[in-house]
Amino acid sequence: MRSAIRVIVLALCGLLAVGGGALPMQAQAQAQPEVVAHHAGSLNGVMNNDIGPGFTAATGFPFKNTGGPSVGLANQIKSGQIQTDVFMSADAEVNDQVLMGPPNGDLVRWYFIMCRQKMVVAYSPQGRFAADFEAVRAGQKPWYEALQQPGLVLKRSDPRIDPGGYRGVFTLALAESYYGIPGLKNAVLAGDDNEEQIATGAYAGLKDGSIDAYITYLTNAVENDVPYLELPKEVDQSDPALARFYSTAAYTNPQGQTFRGTPLVYGVTIPTNARNPEGAAAFVRYLVTEAGQQALAKRGFAPSETLVGGDEAAVPESLRGLVRGRYAP
């Protein structure tokens, strides 16, 4: 009898706890609608391992994320192939060019700057030209000369769908102007859309020596534990003070979308057709405040103030207090 009474009392206590709102985190996550995010592939590591799980633990919202090339994802959002609650682009300008304004269905009306980034040249420590890249690091050889050696295998991502790809094109275009060497960009790249150089994630090749160099983001080199060459700020697109110089570089993809050089910043937004705008706003808050920013910094992304692009009046009311200024590339 005492045992039966004890079971009844414990059950009543459990019901009272639930009635008082003290749901376990797992039950909270099941009760909340899922937040769906699409983001730059360079965010895969931090989203999968840090920000996604941290957001769910802090808020109870389940989180489903898919990484890919930002321009490609934006065009899929525009065409209706995918629908998402949150879009994070490796170039904030993708929002302006692909998703904002009446011609794009006003799918995005505002965005926040979430972090900063820069370009580097990753190289293979196992490749035939490893000594040459070490000479660059030692200040004994220009980096652009190392990339022009006969037989060197250079890779970069696809500029037609990926900001990392056209940022690689900008890297050489800016170098041509900065160093005053006419024809340098084409000497290294042999055409903006040179299929022989285009690859997705060449890090395995860098590690086994089948690829000699890869023009990529700093965080990708760090994430994949491969050595890299730091580039001048005039070339790596990291310095807001050089915005005017960066703007001299441009790339137009086959869709007729033109992207211009800017300081390299990532953007986050909530499309106007988001299914879960409340959960999306909770995610954006988590991302641009302390927990999200610490996770990004741990992975090598540089911090940024929460600047707003587009129509500030369209920012959800719950997020307006986070704005620290206008984004002006």
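Just so you know, these numbers come straight off a predicted model, no measurement behind them.

Calculation notes
For every chain, the first residue of the written sequence is number 1, and numbering continues from 1 onward in sequence order. Only residues with pLDDT of at least 70 are given local features in this predicted model, and only at 80 or more are side-chain atom pairs given and counted; all residues enter the totals for whole chains, interfaces and linings. The basis for every side-chain value is the complete set of heavy atoms in the structure, and neither hydrogens nor water enter the calculation. Here a helix means four or more residues in a row that DSSP labels H or I, a strand means two or more in a row labelled E, and each is numbered from the N terminus. Categorising residues by exposure relies on relative accessible area from a 1.4 Å probe, with only protein chains included: less than 20% of the type maximum marks a residue as buried, more than 50% marks it as exposed, and the intermediate range marks it as partly exposed. Contacts between residues were defined by any pair of non-hydrogen atoms, one from each residue, lying within 4.5 Å. What sets the accessible areas is the Shrake-Rupley method with a 1.4 Å probe; for residues, cover comes only from the shown protein chains. Two residue types count as positive, namely Lys and Arg, and two as negative, namely Asp and Glu; His and chain ends fall outside the count. Here the site of a charge means NZ on Lys, CZ on Arg, CG on Asp, or CD on Glu. The angle between two axes is taken between their N-to-C directions and runs from 0 to 180 degrees, where each axis is a line fitted to C-alpha atoms and a helix contributes only its stretch in contact. Under this scheme an angle from 65 to 115 degrees is roughly perpendicular, one under 35 degrees roughly parallel, and one over 145 degrees roughly antiparallel; angles in between are oblique. When residues are grouped by polarity, Ala, Val, Leu, Ile, Met, Phe, Trp, Tyr, Cys and Pro land in nonpolar, Asp, Glu, Lys and Arg in charged, and all others, Gly among them, in polar. A pair of strands is treated as paired once DSSP finds two or more bridges between them. For cavity detection a 1 Å grid was placed over the protein atoms alone, and a set of points counts as a cavity when a 1.4 Å probe fits there but cannot get out; an open set counts as a pocket when protein lies on both sides within 12 Å along at least five of seven lines, with lining residues being those that have an atom within 4 Å of a point. Grid points are joined across faces, edges and corners, and a volume is the space filled by probe spheres set on the points. Two helices cross in a left-handed way if the nearer one is turned anticlockwise from the farther one by less than a right angle. They cross in a right-handed way if the turn is clockwise.

Chemist: Before we go on, may I ask you to explain the overall build of the protein in this structure?
Modeler: In terms of regular secondary structure, the protein is built from 15 helices and 13 strands. Taken over the C-alpha atoms alone, the protein extends approximately 90 × 50 × 35 Å along its principal axes. Burial analysis of the protein (329 residues in total) assigns 52% to the buried set. Long-range pairs, those at least 24 residues apart, make up 72% of the contacts in the protein between residues at least 6 apart in sequence. Total accessible area computed for the protein in this model is approximately 14600 Å², and 52% of it derives from carbon and sulfur atoms. Treating the 26 positive side-chain charges of the protein as one cloud and the 31 negative ones as another, the clouds have centres 6 Å apart.

Chemist: When you look at the packing of helix α14 (residues 277-288) against helix α15 (residues 290-298) in this model, what are you seeing that I'm missing?
Modeler: Between two packed helices, both the angle of their axes relative to each other and the distance between the axes serve to describe the pair. The interhelical angle for the contact between α14 and α15, taken along N-to-C directions, is 55 degrees, at an axis separation of 4 Å. Between α14 and α15, the crossing angle belongs to the class labelled oblique. Side by side, α14 and α15 meet where Y286, L287 and V288 of the first sit next to A291, G292, Q293 and L296 of the second. Looking at the contact of α14 with α15 residue by residue, the class counts come to five nonpolar, two polar and no charged.

Chemist: Just checking my understanding: could you explain the sheet that holds strand β2 (residues 63-68) for this structure?
Modeler: Strand order in the open sheet formed by seven strands is β2-β1-β3-β11-β4-β12-β13, and the pairing between neighbours is mixed. With partners counted over all chains shown, the strands left at the sheet margins are β2 and β13 (325-326), one partner each. In this sheet, strand β11 (residues 265-269) lies alongside strand β4 (residues 110-116) in antiparallel orientation, the contact comprising four bridges. In the strand pairing of β11, R116 is matched with V265. Running over the sheet, helix α3 (residues 44-59) touches β1 (35-40), β2 and β3 (86-89) and is turned about 165 degrees from β2.

Chemist: Explanation requested: the pairing of strand β7 (residues 213-217) in the structure shown.
Modeler: The two faces of a sheet get side chains in turn, since along a regular strand they alternate between them. Across the five residues of β7, five count as buried, placing the element largely inside the fold. Here five bridges tie strand β5 (residues 119-123) to β7, and the two strands are oriented antiparallel to one another. Bridge pairing in β7 places V120 opposite T216. Direction of pairing for strand β6 (residues 154-156) relative to β7: parallel, over a ladder of three bridges. Along β7, the bridge assignment pairs L154 with A213.

Chemist: What am I meant to see in helix α4 (residues 70-79) here?
Modeler: Each full turn of the α-helix corresponds to 3.6 residues, which orients residues three or four apart in the same direction. Across the 10 residues that make up α4, a large majority, seven, are buried. The set of residues buried in α4 consists of S70, V71, G72, L73, A74, N75 and I77. Where α4 is buried, its residues contact β1, β2, β3, α5 (93-99), α8 (163-179) and β10 (258-260). Phi turns positive, to about 90 degrees, at G80, one or two residues after α4.

Chemist: In this structure, what is going on with the layout of surface pockets? I would like to understand it.
Modeler: A probe as big as a water molecule, rolled over the atoms, marks out the empty space that is left. The space that makes up the largest pocket amounts to roughly 470 Å³. Around the largest pocket, the lining comprises 29 residues; the ones closest to its centre are G41, S42, D162, G201 and N220. Those elements giving two or more residues to the lining of the largest pocket turn out to be α3, α8, β7 and α11 (218-223). Tallying contributions element by element places β7 first for the lining of the largest pocket, with four residues. Here the lining of the largest pocket is built from residues that sort into 11 nonpolar, 14 polar and four charged.

Chemist: So what exactly am I meant to see when it comes to the packing of α3 against α14 here?
Modeler: Closest axis-to-axis distance for the α3/α14 pair is 10 Å, and the angle between their directions is 120 degrees. The pairing of α3 with α14 is recorded here as oblique in orientation. Both α3 and α14 take part in a crossing whose hand is right-handed. Contacts between α3 and α14 involve M47, I51, G54, F55 and A58 from the first element and G279, A282, F283, Y286 and L287 from the second. Tallied by class, residues from the contact of α3 with α14 come to eight nonpolar, two polar and no charged.

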